[in-house]
Amino acid sequence: MPEQPYEQEGAIVGTGMGGAMDLAASEATTLEKTPGGPDGTGPAGKPRSLWSDAWRDLRRNPVFIIAGVVILFLVFISLWPSAITWMSPLKCDLAKAQQGSQSGHPFGFDGQGCDVYTRTVYGTRTSVTVGVCATLGVAILGSALGGLAGYFGGAWDSFLSRVTDIFFAIPVVLGGLVLLSVVTSNTVWPVVGFIVLLGWPQIARIGRGSVITAKQNDYVHAARSLGASNSRILLRHIAPNAVAPVIVVATIALGTYIALEATLSFLGVGLKPPNVSWGIDISAASPYIRNAPHMLLWPAGALAITVLAFIMLGDAVRDALDPKLR
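Residues numbered from 1 in each chain as written. Predicted model: local features only at pLDDT ≥ 70, side-chain atom pairs only at ≥ 80, totals over all residues. Heavy atoms only, no water.

Undergrad: Could you give an account of the pattern of salt bridges, naming the residues involved and the relevant values?
TA: Tallied over the entire structure, the rule returns eight salt bridges. In this structure, Arg-119 engages Asp-281 in a salt bridge whose closest nitrogen and oxygen atoms are separated by 2.9 Å. On the criterion of sequence distance, the pair formed by Arg-119 in helix α4 (residues 116–152) and Asp-281 in helix α10 (residues 278–285) is long-range, its members being 162 residues apart. The same class applies to Arg-119 and to Asp-281, which are both buried. Salt-bridge contacts for Arg-318 lead to Asp-315; the nearest nitrogen and oxygen are separated by 3.6 Å. Separated by three residues within a single helix, Arg-318 and Asp-315 lie in helix α11 (residues 294–321), roughly one turn from each other. (Salt bridge = Lys/Arg side-chain N within 4 Å of Asp/Glu carboxyl O. Helix = DSSP H or I, 4+ residues; strand = E, 2+ residues; numbered from the N terminus. Buried < 20%, exposed > 50% of the residue type's maximum accessible area, 1.4 Å probe, protein only.)

Have a look at this one:
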């Protein structure tokens, strides 16, 4: 049936509070066709979710945009380092050791005559790999254990709380010196495993608290009264509403894990040559800081910018997902 035009100059629409108000026909038509309604509504007047509100705020946040651009660039060069450098990070010329910037070598050379620019670029791959893999492992393990403890409570909750207390008492750097010193593998995976081992308790506590808060809501009680299973309640009703704090903490922690890998490599228990890592280059350059500061400046600067970018991203996500800041 074709749509009938308005025969009156005004139309009556509900106010949403049990009353009504008069609108001109043009205003009523605009209200129906506007893709985005008033604040708090989306297309066709439907209420926006927390995630759509967060994405709208993030797109308007210059901190998020700057951090996102930097992170995308870091991910790009970690995947395709040859796109911006043609040299090998392991190709060295001792005749050029500790020399400064030259044509085709903007960052100069290190103590072994290797191109600092190339090693800085290839070091991005190690840092991003360790940071992303460690964060995924910590987030999955910590949120799973913490969520189950918060949902079921009882003896499992008490046991997990005591275990997290034990892990929190272990100094991270000292634990790395002890555990990684006996590892013979020269890959990133022992470092990732160590970070996951000592990093999951923080996420577990955050996830536990979020699940305890979410399971008190009426929609969870309604789902349980309708006979929903525990797995369905956890996956369909609690997890989507409790995951926001975990995402915020994990995003900020990613930068911390990158700094931790560099620290362990600097101390000689993380990655070791011939791997390319900012921590290794900083350690090798530290004795020559007075004679050849460029050897230390560029990898340390890249590390600082990377950590800062992820921390800024985490702060922006936290502000967007925190309903108290709206």
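Don't stop here, the text continues.
Undergrad: Account for the nonpolar core, with residues named and values stated.
TA: One finds Ile-258, Leu-303, Leu-313 and Leu-321 to be the most contacted residues of the largest nonpolar core, which totals 26 residues. Elements supplying a minimum of two residues to this core: α2 (50–59), α3 (62–79), α9 (230–267), α10 and α11. It is α11 that provides the largest number of residues to this core, a total of twelve residues. In contact with Leu-313, not counting residues within four places along its chain, are Phe-64, Ala-67, Ile-71 and Thr-251. (Core = buried A, V, L, I, M, F, W, Y, C linked by side-chain atoms within 4.5 Å. Contact = heavy atoms within 4.5 Å.)

Undergrad: Can you tell me about empty space enclosed by the protein, naming the residues and giving the values?
TA: By the definition in use, this model includes one cavity of 30 Å³ or more. Size it by volume and the largest cavity reaches roughly 40 Å³. Lining the largest cavity, in full, are Leu-180, Val-183, Ser-185, Thr-187, Pro-190, Val-191, Val-269, Gly-270 and Lys-272. For the lining of the largest cavity, a count of residues per class yields five nonpolar, three polar and one charged. (1 Å grid on protein atoms, 1.4 Å probe; cavity = no way out; pocket = protein on both sides within 12 Å on 5 of 7 lines; lining within 4 Å. Points joined across faces, edges and corners; volume = space filled by probe spheres on them. Nonpolar A, V, L, I, M, F, W, Y, C, P; charged D, E, K, R; others polar.)

Undergrad: Describe the state of the cysteines, with residues and values.
TA: A full pass over the atoms with the stated rule returns one disulfide. Between Cys-92 and Cys-114 runs a disulfide, and the two sulfur atoms are separated by 1.6 Å. Where Cys-92 bonds to Cys-114 through sulfur, the torsion about that S-S bond is close to 65 degrees, and the disulfide is right-handed. With Cys-92 in the loop between α3 and α4 and Cys-114 in the loop between α3 and α4, this residue pair connects regions lying 22 residues apart in the sequence. Note on Cys-114: relative accessible area 4%, which makes it buried. (Disulfide = S-S within 2.5 Å.)

Undergrad: Give a description of a nonpolar patch on the surface that names residues and reports values.
TA: Judged by side-chain polarity, Val-172, Val-173, Leu-174, Leu-177, Val-178, Leu-179, Leu-197, Phe-266 and Leu-267 come together as a nonpolar surface patch covering roughly 710 Å² of accessible area. When contributions to the nonpolar patch are tallied by element, the ones reaching two or more residues are α6 (172–180) and α9. Per-element accounting of the nonpolar patch gives the leading share, six residues, to α6. Along the polypeptide, Val-178 turns up in helix α6. (Patch = residues over 30% accessible without salt bridge, like charges linked within 9 Å, V, L, I, M, F, W, Y side chains within 5 Å. Areas by Shrake-Rupley, 256 points an atom, 1.4 Å probe, with all protein chains shown as cover.)

Undergrad: Account for unusual backbone geometry, naming residues and giving values.
TA: Here the bond from Pro-273 into Pro-274 is cis, since omega is 10 degrees, no more than 30 degrees from zero. Phi at Gln-98 is positive, roughly 65 degrees, even though this residue is not glycine. For Gln-98, the position within the fold is in the loop between α3 and α4. Judged by its relative accessible area of 29%, Gln-98 is partly exposed.

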